Structures are given as C-alpha cells and as structure tokens.
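# Notes for the structure review
Each chain, letter by letter, is given below.
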Amino acid sequence: MTYEFLQQYWWFLVSLLGALLVFLMFVQGANSMLFSLGRGEEERRMLVNSTGRKWEITFTTLVTFGGAFFASFPLFYSTSFGGAYWLWMAILFSFVLQAVSYEFQNKLGNLLGTKTFQWLLVVNGIVGPLLLGGAVATFFNGSNFIVEKMNMTDQLQPVISHWANASHGLDALLDPWNLIFGFAVFFLARILGILYIMNNVNDENIRSRGSVRLVGATIVFLVLFLSFLVRTLLKDGFAFDPATGAIVMEPMKYWHNLIDMWYVTIVLLIGVVLVLYGIGKTVVSKTYVGGIWPVGIGVVLVVLCLLLCAGWNNTAYYPSNADLQSSLTIANSCSSEFTLRTMFYVSLLIPFVLAYIAYAWRKLDSRKIDKEEIATDEEAY
C-alpha cells in the first residue's frame, strides 16, 4: 500500500459516502411533497412515519461524510467547512429542524400545532437537497478561497486558509450552474422520495398520486442534470501536474477523465440505465412498486462516478476561483501516510456496518405502512 494508493482509496470511500447520502435523501424528497402526496391528516401521518423510520440513517451518513473528509482530507475540511460556514450551517440547521419536527409534532403540549412541524419538514426537504447540491457543484465550478500553508509558521495568526470574501460560502448560490445542479439534486431527491413512498406505504391513493408526480419530477430532473453534465464535460477543467504541483486549466478536462478512466465511464452508464429502467417500469406498470431499488443503486453509481471524476486522474477536486494555485487536490490536502494507513484498517469494518444497516432496514420494512398500523402503533410519529 503506497501513499498514493491510500490517497486514491480514501477519495473513493469519501465519494461512496457522498453517493449514499444522495440516495438517502429520498427522506427529504418525500418530505418536500408531504402536502402534495398526502391529502388528509391520516395520509400525511403515514408519509411522516414512513420517512421517520429512515431519517436518522440520512443524518448519520451526512455526519459520517463530514467526518471522513475531516480524517482523510483535513485541509478541505478546514477550508470548506471552516471558510464556507454560512452555507454548511444553513444545511445543518435545516436538518436540525427535521429532527425536531419528527419528535415534537405529536407530543403533548405542542403549542405550535402539528402542521407547523410538518411544514418544517417540507422546508428541510427543499433546502437540504438544494444547498447540498449547490455545495457539491463547487467541486466542478470552484469556490472563492485562498490557501497559504506558510502561515503555519506564524505564531500570531497560524491560519492556513481563508475565504476571499465576506459571504463565507453563500456566494456559491450566485453561480447559476451551482443552482442548476442544486435543483437537479432536489428533483432527484423527489424522484427517490416518490419511489420509496410507493414501495413502503400501502395506500392506493398515495401510490397513484406518486406515479403522476414521478413523471413531472423526472422530466425536470433530466433537463437540469443533462444541462449541467454536458456543460461540465465541455468546459475547461482544473488539472493538476503531479511533477510540479501546479494547477492548470485544461480544455474538456472532465471529458478527458471519462475517456482515460473508461472503467468509471462503464459504471456511470450502468447507473444511468438502472435509473431509467426503474423510473420507466414504475410509470408503465401499475403494480410495480420496487423502482426505488434499481433507481437507488443507479443513483449511487452515477454520483460515485461523478465524484471520482472530480478527484481522480490528477484533477483538483476543490478548485479556487480566487487563486488557482490554492486549489485542493487529493495529493496536497490529504492526511499523513500513517493516518491514512491506520484508517485503512479501520475501514475494513465498513462491510459489517453496512450489513447491520441492511438487517435493520429489512426489519423496519417487514410490514408496509398502512392506516391500521398507524392507528395501533403507540410509538408512531
């Protein structure tokens, strides 16, 4: 295991966590349509209890994603989470609203009313995917930060990186292409949310509404995502010269990445086929409710490949628009070889954790949610 292998390995794991996080945002997608899919209080309660059994997995994955970045690429963590803190605080605050809303909407003494907390779930369902998508888009479009490693020797102000303006991350939302990708993630979360609800909630009215709204969400998502993808593949990218350490602009860099890493391209195409198959079969068949699984697997594969293209093949995964040479790469922002090697052995436990999550998921979904269960379950939200 060379140092370079460990760097590539940990970028793969971080990318995989990011891909799983996007899939798990079906919770936010379903919550954003709480008043659209559920027409009455009883139907909305079924929806809340469906997503309520999975929201903790999504939140835990978000925290783990940040923790993995902190451990393996600490310079990114300090630059992005420390510099663009207004953007990340807005994301985290929306998830805090989600947690509070689940736990308190039907508690005794709730002075705000059930609907208030349900609307807060809708807010998280919109804000969470939109801002996360905008943050991920900066991996391809760049952010405004400056890195000065020589400051480590300054005893009065040992600050390695700082934001180049006072917006502290909110300027990412001023780039229309970041917003386009953010809205693409938002509609993707809606697609996943609809498919999950159709699979998990045993109610014909909810399923029929979901099938209709699935078509509209898919059309909007495809327009937004394909626009962003084509533009990204054709634009200049941020290349890294491993011999000199210099960051240079390379025409069609991300297109070249797909060509050079043909194995990533194959996985990407498999993911696209799975997504289209799951959505298409759900729309065509009135009895098929298992679309969440091919679409979910496809989404994980597609997002994983996009993040690999952002970091592998000598690419700056976190470009700086303020100072090109401050851009972060896998090589110049990672932890020490000792740290990466130690964490490698710890990461061998990941399959056991995933197996436990799969087991718990299966037990939670052993019975589909219906009106009878909600009425008799004392622990229901």
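Scroll up a little and you will see the structure.
Residues numbered from 1 in each chain as written. Predicted model: local features only at pLDDT ≥ 70, side-chain atom pairs only at ≥ 80, totals over all residues. Heavy atoms only, no water.

Scanning the protein chain from terminus to terminus reveals 17 helices and 4 strands. A compact globule built from 381 residues would reach a C-alpha radius of gyration of about 21 Å, and the protein chain, at 21 Å, matches this within 12%. Taken along its principal axes, the extent of the C-alpha atoms in the protein chain is 65 × 45 × 40 Å. Here the protein chain, with 381 residues, has 50% of them falling under the buried criterion. Sequence separation of at least 24 residues holds for 76% of the intrachain contacts in the protein chain that already meet a minimum separation of 6. With the model as given, the accessible surface of the protein chain reaches about 17500 Å², and the carbon-plus-sulfur share is 69%. Across the protein chain, 23 positive and 25 negative side-chain charges occur, with their mean positions spaced 10 Å apart. (Helix = DSSP H or I, 4+ residues; strand = E, 2+ residues; numbered from the N terminus. Rg over C-alpha atoms; globule rule 2.2 N^0.38 Å. Buried < 20%, exposed > 50% of the residue type's maximum accessible area, 1.4 Å probe, protein only. Contact = heavy atoms within 4.5 Å. Areas by Shrake-Rupley, 256 points an atom, 1.4 Å probe, with all protein chains shown as cover. Lys, Arg positive; Asp, Glu negative; His and termini not counted. Charge placed at Lys NZ, Arg CZ, Asp CG, Glu CD.)

Before going further, it helps to examine the environment of Trp-11. With respect to the helices and strands, Trp-11 occurs in helix 1 (residues 3-24). On the basis of relative accessibility, which here comes to 1%, the residue Trp-11 falls in the buried class. In this structure the C-alpha to C-alpha distance between Trp-11 and Ala-310, which are 299 residues apart in sequence, comes to 10.0 Å. With near-sequence residues (within four places) excluded, Trp-11 lies in contact with Phe-69, Phe-73, Phe-139, Leu-307, Leu-308, Gly-311, Trp-312, Tyr-317 and Ile-330.

This brings us to the packing of aromatic side chains. Per the stated rule, a full pass over the model turns up 40 aromatic pairs. Positioned above the aromatic ring of Trp-361, the side-chain terminus of Lys-54 is 4.8 Å from the ring centre. Here the guanidinium or amino end of Lys-281 rests over the ring plane of Tyr-288, the centre of that ring lying 4.4 Å away. (Phe/Tyr/Trp six-rings, centres within 6.5 Å; stacked < 30°, edge-to-face > 60°. Lys NZ or Arg CZ within 6 Å of the ring centre and 35° of its normal.)

A few words now on the pattern of salt bridges. By the definition in use, this model includes 4 salt bridges. A salt bridge links Glu-204 to Arg-207, with the shortest nitrogen-to-oxygen separation between them at 3.9 Å. Here Glu-204 pairs with Arg-207, and both are found in helix 10 (residues 204-234), just 3 residues apart, close to one helical turn. The exposure class assigned to Arg-207 is buried, which follows from its relative accessible area of 14%. (Salt bridge = Lys/Arg side-chain N within 4 Å of Asp/Glu carboxyl O.)

Tracing the sequence through the fold places Phe-228 in helix 10. Measuring from C-alpha to C-alpha, the distance between Phe-228 and Ala-184 comes to 8.7 Å, with 44 residues separating the pair along the chain.

A cluster of nonpolar side chains, Ile-350, Val-353, Leu-354, Tyr-356, Ile-357 and Tyr-359, forms an exposed patch at the surface whose accessible area comes to about 590 Å². Its location among the elements puts Val-353 in helix 16 (residues 350-364). (Patch = residues over 30% accessible without salt bridge, like charges linked within 9 Å, V, L, I, M, F, W, Y side chains within 5 Å.)

This part takes up the side chain of Glu-43. Structurally, the position occupied by Glu-43 is in helix 4 (residues 41-52). Residue Glu-43 is classed as buried on the basis of its relative accessible area of 9%.

The next point concerns the layout of surface pockets. Looking at the largest pocket, its volume works out to about 1100 Å³. Forming the walls of the largest pocket are 35 residues, and the residues nearest its centre are Leu-20, Thr-61, Val-353, Leu-354 and Ile-357. For the lining of the largest pocket, the elements supplying multiple residues, two or more each, are helix 1, helix 5 (55-72), helix 13 (292-311), helix 15 (337-347) and helix 16. The element best represented in the lining of the largest pocket is helix 1, accounting for 8 residues. Split by residue class, the lining of the largest pocket holds 25 nonpolar, 7 polar and 3 charged. By volume, the second largest pocket is sized at about 610 Å³. Forming the boundary of the second largest pocket are 38 residues, of which Phe-181, Phe-225, Val-302, Val-303 and Leu-306 lie nearest the centre. Residue assignment for the lining of the second largest pocket shows that the elements contributing at least two residues are helix 1, helix 5, helix 6 (74-83), helix 8 (114-141), helix 9 (176-200), helix 10, helix 12 (262-284) and helix 13. Per-element tally for the lining of the second largest pocket: the top contributor is helix 12, with 7 residues. Here the residues of the lining of the second largest pocket are counted per class, giving 34 nonpolar, 4 polar and no charged. (1 Å grid on protein atoms, 1.4 Å probe; cavity = no way out; pocket = protein on both sides within 12 Å on 5 of 7 lines; lining within 4 Å. Points joined across faces, edges and corners; volume = space filled by probe spheres on them. Nonpolar A, V, L, I, M, F, W, Y, C, P; charged D, E, K, R; others polar.)

Just geometry here; none of it tells us what the structure is for.
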